[in-house]
Structures are given as structure tokens and as C-alpha cells.
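Given next are the chains, with one letter for each unit.
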Amino acid sequence: MILRVNRYRPGVDDAPVFQDYEVPDREDWAILDALTHIKDTVDGTLSFRWSCRMGICGSCGMNVNGEPKLTCGTFLTDYSGPVTVEPLRGFPVIRDLVVDIDPFLANLSKVSPWLVREGEEPETEFAQTPEQLEAYKQYSMCINCMLCYSACPVYVLDPDFLGPAAIALAQRYNLDSRDMGDRFDVLSTEEGVWGCTFVGECTSACPKHVDPAEAIQRYKLTAAMRSVLPFTRRRP
Ligand code: FES
């Protein structure tokens, strides 16, 4: 199997180039195993991120044959011809397959991703019913792998767009019965939910079956209702 890997050192190389590596055609190898093989036995300068190798840490995201994937969960057997591996689209490249995650983290921090409380705290634990947990649980499954940003045509064209994971994260707290926050001013903007054109690629790309497209459309409804009926309840 040929792995066609994007190589680039900003500030040193004029432009990214593809380099072909032949890797063993092993059925049990993920793309990440093949990259590790290249690094260990062929070219130690190849740079990429990984940590858990089990789809949990979210650090191994790359574009594989043009689609954002977790490379620890995408196997050589999923492809027949040469496999092209590139950095996630939409983010500045630091080196080879490593992108700068600071813009992504900055967007997450804009939505106050914590439980906002006002007034006296309850003296005992804050119990939730299974239904209350279910209301936001899906959105709490995000592993911050950034695949949804790389899949999103709006974010790739406009890095000011808040983006799918950040909006889903806002809903993770908006829909939590313990939260008393109000994220309307951040979400109901052109850079927020109104920038989304509902392509839905974010949801298709998510390896954890989070549905950011649904989160965005749902908040659009909330925001529209609030604009028409400003004195109705502010919670989604
Ligand atoms: Fe952790 Fe792939 S290495 S998700």
C-alpha cells in the first residue's frame, strides 16, 4: 500500500509537497499505525499528533483521501489504492500533519463552556433525572477532535465562524438543568448559528455521533423565538 503523505515546514519549505511511502499492507493496521511505521523505520522527521490510539483523545485527526478522519480508527483495508494523508483543512499547519489548535480552543472558550450559576448553591448534591441527563448527554460526547471544523465549508472559508463543536458545546450547557447561563449574545450572531448554511457535513464527520447540525438548527429556533417574543423564557 502506498501512503501519500503531505510534508511541509512553514518558513523553510516554499510549499507543501506529497511524499510517497510504501507500507506493509496489513489488515490490522490503522492509518496511524502506518504513519508510525514510517516514522520509526523510514523517516523520523515525519510529524503528526496522536495519544490514546483508541478514539478517545481526539488528537489524531487528519484528512484521509480528502475526508477528515481519526487516523487511529481508520484502517488501510478501508481503501484500495494509494491513500493520501493531509493535515486537517481549515487550520494553520505547524509542520507536516500537525495543525495549530489555538483557533479552535479560542472558539470553545467563547461560549462559556461551564455550568453558570447564580445565587445560593443547593446544600446537597444537584440531582438530575435520567430525562434531564438525556437532554444534553449527546453533546457531552465530543472529544474535540476538530473533524467537524475541517468538514465545515463555512468555517474553512470564514475562520470567524464559531463552528460546529463550539455551538454543540454551548448546547451541552444550555440544555443542562443545572445551568443558568445565557449564551444568546454569542450564539445568535452572524459568526454564530446564523452563519451556518446547514450543509450537515459536521454531523457526518463526527466519530462520536454528536449532531452539531441539529444543535445549530435547534438554537436558531430558540434565537428566533426570543427575537419575536423577547419576554418568553430565555432557556432553549
Ligand atoms: Fe486518540 Fe486517535 S489517538 S483519538
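Residues numbered from 1 in each chain as written. Predicted model: local features only at pLDDT ≥ 70, side-chain atom pairs only at ≥ 80, totals over all residues. Heavy atoms only, no water.

## Some words on the environment of Glu-214
Tracing the sequence through the fold places Glu-214 in helix α9 (residues 212-228). Residue classification places Glu-214 among the partly exposed residues on the basis of a relative accessible area of 28%. Expressed as a C-alpha distance, the spacing of Glu-214 and Pro-164, which sit 50 residues apart in the sequence, is 9.8 Å. If near-sequence neighbours (up to four positions away) are discounted, Glu-214 is found in contact with Gln-138 and Tyr-139. (Helix = DSSP H or I, 4+ residues; strand = E, 2+ residues; numbered from the N terminus. Buried < 20%, exposed > 50% of the residue type's maximum accessible area, 1.4 Å probe, protein only. Contact = heavy atoms within 4.5 Å.)

## Quick notes on the packing of aromatic side chains
On inspection of all chains with the given rule, the structure shows four aromatic pairs. Measuring from centroid to centroid gives 5.5 Å for Phe-91 and Tyr-155, while their planes differ by 40°, and the two rings are tilted. Of this pair, Phe-91 sits in the loop between β5 (83-86) and β6 (93-95) while Tyr-155 sits in helix α5 (residues 153-157); the two residues are 64 residues apart in sequence, bridging distant segments of the chain. Both residues of the pair, Phe-91 and Tyr-155, count as buried. A relative accessible area of 1% places Tyr-155 in the buried class. Among the aromatic residues, those joined into a cluster by ring pairs are Phe-91, Phe-104, Tyr-149 and Tyr-155. Here Arg-172 stacks its cationic end above the ring of Tyr-173, 4.1 Å away from the centre of that ring. (Phe/Tyr/Trp six-rings, centres within 6.5 Å; stacked < 30°, edge-to-face > 60°. Lys NZ or Arg CZ within 6 Å of the ring centre and 35° of its normal.)

## Comments concerning the pairing of strand β4 (residues 67-70)
Only one face of β4 is buried: it carries Pro-68 and Leu-70, and the other face, with Glu-67 and Lys-69, is open. Inspection of the sheet shows strand β3 (residues 61-64) paired to β4 by four bridges, in the antiparallel sense. Bridging from a neighbouring strand, Gly-61 pairs with Leu-70 of β4. Taking the residues between adjacent antiparallel strands as the criterion, β3 and β4 are bridged by two residues, where Asn-65 takes a positive phi near 50°. (Pairing = 2+ DSSP bridges.)

## Overview of unusual backbone geometry
The phi torsion at Phe-198 lies on the positive side, around 55°, for a residue other than glycine. With respect to the helices, strands and loops of the structure, Phe-198 is situated in the loop between α7 (184-187) and α8 (201-205). In this structure, His-209 is a non-glycine residue whose phi angle is positive, near 60°. Position of His-209 relative to the elements: it lies in the loop between α8 and α9.

## With respect to the sheet that holds strand β1 (residues 2-7)
If you walk across this open sheet you meet the five strands as β2-β1-β5-β3-β4, and the pairing is mixed. Each edge of the open sheet is held by one strand with a lone partner, namely β2 (17-22) and β4. On average, each strand axis in the sheet is inclined to that of its neighbour by 35°, with strand direction left out of account. As judged from the six bridges shared by β1 and β2, these two strands associate in the antiparallel manner. Note that in β2 the partner of Ile-2 across the bridge is Glu-22. Helix α1 (residues 31-41) rests against β1, β2, β3 and β5 of the sheet, and its axis sits at about 75° to β1. (Axes fitted to C-alpha atoms, helices over the stretch in contact; angles between N-to-C directions.)

## Concerning the domain arrangement of the protein chain
On domain assignment, one finds that the protein chain holds domain 1 (2-99) and domain 2 (102-228). Centre-to-centre separation of domain 1 and domain 2, based on C-alpha positions: 29 Å. Contacts between the two partners involve 15 residues from domain 1 and, on the opposite side, 15 residues from domain 2. Both sides together, the interface formed by domain 1 and domain 2 hides about 1,100 Å², and carbon and sulfur atoms give 70% of it. The largest contributions to the domain 1 side of the interface with domain 2 come from Pro-68, Arg-89 and Phe-91, which together make up 44% of the buried area. (Domains from an automatic or database assignment. Buried area = accessible area lost by both parts, 1.4 Å probe.)

## Section: the pattern of salt bridges
Scanning the model with the defined rule gives 14 salt bridges in all. When the shortest N-O distance is used, the salt bridge between Asp-96 and Arg-95 registers 3.9 Å. The buried category is assigned to Asp-96, whose relative accessible area is 2%. Connected through shared salt-bridge partners, Arg-7, Asp-43, Arg-95 and Asp-96 make up one network. (Salt bridge = Lys/Arg side-chain N within 4 Å of Asp/Glu carboxyl O.)

## Notes on the environment of Arg-226
Inspection of the secondary structure puts Arg-226 in helix α9. Under the relative-accessibility criterion, Arg-226 is labelled buried at 16%. Separated by 38 residues in the primary sequence, Arg-226 and Ser-188 have C-alpha atoms spaced 9.9 Å apart. Polar side-chain contacts of Arg-226 include one of 2.9 Å to the side chain of Asp-182. (Polar contact = N/O pair within 3.5 Å; in protein donor to acceptor, adjacent residues only side chain to side chain.)

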